[in-house]
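One letter stands for each residue in the lines below.
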Amino acid sequence: MKKQIGLKLEEDEIALLEKLGGKSRGVHKLISDYRDTLLGKKVKRTVEESFYDSLILPSDPRLRETYKAFLESFIHSEARMGSLDFWEPELTGVTGFNGKVVRGHFRKLSASRYVKAYGFLFRPTLRLKEGVEKEKFFEIHRRFHDFLLEKGAYQDYGEFLWDHGDEK
């Protein structure tokens, strides 16, 4: 028998539930995973969950979103450092924040040492949670890197569709 209940949640908690498929479905999934953990069952986590569960992330949800977008872009670009002018267009596109907000987030992330600056070039810093072994994290990072590269690999068939034979 299902009963309806009311909960007061923080915005970041609601955002997490939305990522899990909606508020109700997210709560059901979290309860199911917790129950499985208590019963000793191994909970299957995605590559993304394994990666981010190993890291200490900014507590502010907006900073966390910018940091995660920057981290994914950095890893996807094969760890290429770049200026904020280089990263800004991609980060505004991914997060939906405007350039001024992204720059403000970078100032805060730099001040809290989540982003490291080398002159005008930036790279994210990775803080492992207590109990996460470096050797194990290298494997988690490699799988996440491969996941990002595979996720962004698309074949462009447009040139075959729209080639009208103009070049003779």
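Residues numbered from 1 in each chain as written. Predicted model: local features only at pLDDT ≥ 70, side-chain atom pairs only at ≥ 80, totals over all residues. Heavy atoms only, no water.

Considering the overall build of the protein chain
1) Next: Helix and strand counts for the protein chain come out as 8 helices and 2 strands.
2) Next: The N-to-C order of helical and strand elements in the protein chain reads α-α-α-α-α-α-β-β-α-α.
3) Next: In terms of overall dimensions, the protein chain is more spread out than a globule: its C-alpha atoms have a radius of gyration of 20 Å, far above the 15 Å expected for 168 residues.
4) Next: C-alpha atoms of the protein chain, sized along the principal axes, occupy 70 × 45 × 35 Å.
5) Next: Of the contacts formed within the protein chain by residues at least 6 apart in sequence, a portion of 57% connects residues at least 24 apart.
6) Next: When the accessible surface of the protein chain is totalled, it reaches about 12700 Å², and 54% of it is carbon and sulfur. (Helix = DSSP H or I, 4+ residues; strand = E, 2+ residues; numbered from the N terminus. Rg over C-alpha atoms; globule rule 2.2 N^0.38 Å. Contact = heavy atoms within 4.5 Å. Areas by Shrake-Rupley, 256 points an atom, 1.4 Å probe, with all protein chains shown as cover.)

Quick word on the pairing of strand β1 (residues 115-118)
1) Next: Of the strand pairs in this sheet, β1 and strand β2 (residues 121-124) are connected by 4 bridges, and their pairing is antiparallel. Paired with A117 across the bridge in β2 is F122. (Pairing = 2+ DSSP bridges.)

A word on helix α7 (residues 134-151)
1) Next: With 18 residues, α7 should cover 26 Å at 1.5 Å per step; its first-to-last C-alpha distance of 25 Å lies within 8% of that length.
2) Next: If you check which residues of α7 are buried, you get F137, I140, F144, H145 and L148. Buried residues of α7, seen end-on, are gathered within an arc of 140° and therefore sit on one face of the element. Every exposed residue of α7 that faces more than 90 degrees away from the buried side is listed here: E135, K136, F138 and E150.
3) Next: On its buried face, α7 is in contact with α3 (47-53) and α4 (61-76). (Expected span 1.5 Å × (residues − 1). Buried < 20%, exposed > 50% of the residue type's maximum accessible area, 1.4 Å probe, protein only. Arc of directions from axis to C-beta.)

A word on the pattern of salt bridges
1) Next: Per the counting criterion, the structure on display carries 5 salt bridges.
2) Next: The shortest N-O distance in the salt bridge between E88 and R103 comes to 2.7 Å. Placement of the pair is E88 in helix α5 (residues 84-95) and R103 in helix α6 (residues 99-111), with a sequence separation of 15 residues.
3) Next: The buried category is assigned to E88, whose relative accessible area is 17%. (Salt bridge = Lys/Arg side-chain N within 4 Å of Asp/Glu carboxyl O.)

Some thoughts on a positive patch on the surface
1) Next: Taken together, the side chains of R62, K100, R107 and K108 present a region of like positive charge at the surface.
2) Next: If one sorts the elements of the positive patch by residue count, α6 sits on top with 3 residues.
3) Next: Relative to the helices and strands, K108 resides in helix α6. (Patch = residues over 30% accessible without salt bridge, like charges linked within 9 Å, V, L, I, M, F, W, Y side chains within 5 Å. Lys, Arg positive; Asp, Glu negative; His and termini not counted. Charge placed at Lys NZ, Arg CZ, Asp CG, Glu CD.)

Brief notes about the packing of α5 against α6
1) Next: Taken N-terminus to C-terminus, the directions of α5 and α6 make an angle of 115°; their axes are 9 Å apart at the nearest point. As judged from the angle between their axes, α5 and α6 are roughly perpendicular. Crossing angle aside, the handedness with which α5 passes α6 is right-handed. Between α5 and α6, the contacting residues are L84, D85, E88, L91, T92 and T95 on the first element and G99, V102, R103 and F106 on the second.
2) Next: Its residues assigned to classes, the contact of α5 with α6 shows 4 nonpolar, 3 polar and 3 charged. (Axes fitted to C-alpha atoms, helices over the stretch in contact; angles between N-to-C directions. Parallel < 35°, antiparallel > 145°, perpendicular 65-115°, else oblique. Left-handed = near helix turned anticlockwise from the far one by under 90°. Nonpolar A, V, L, I, M, F, W, Y, C, P; charged D, E, K, R; others polar.)

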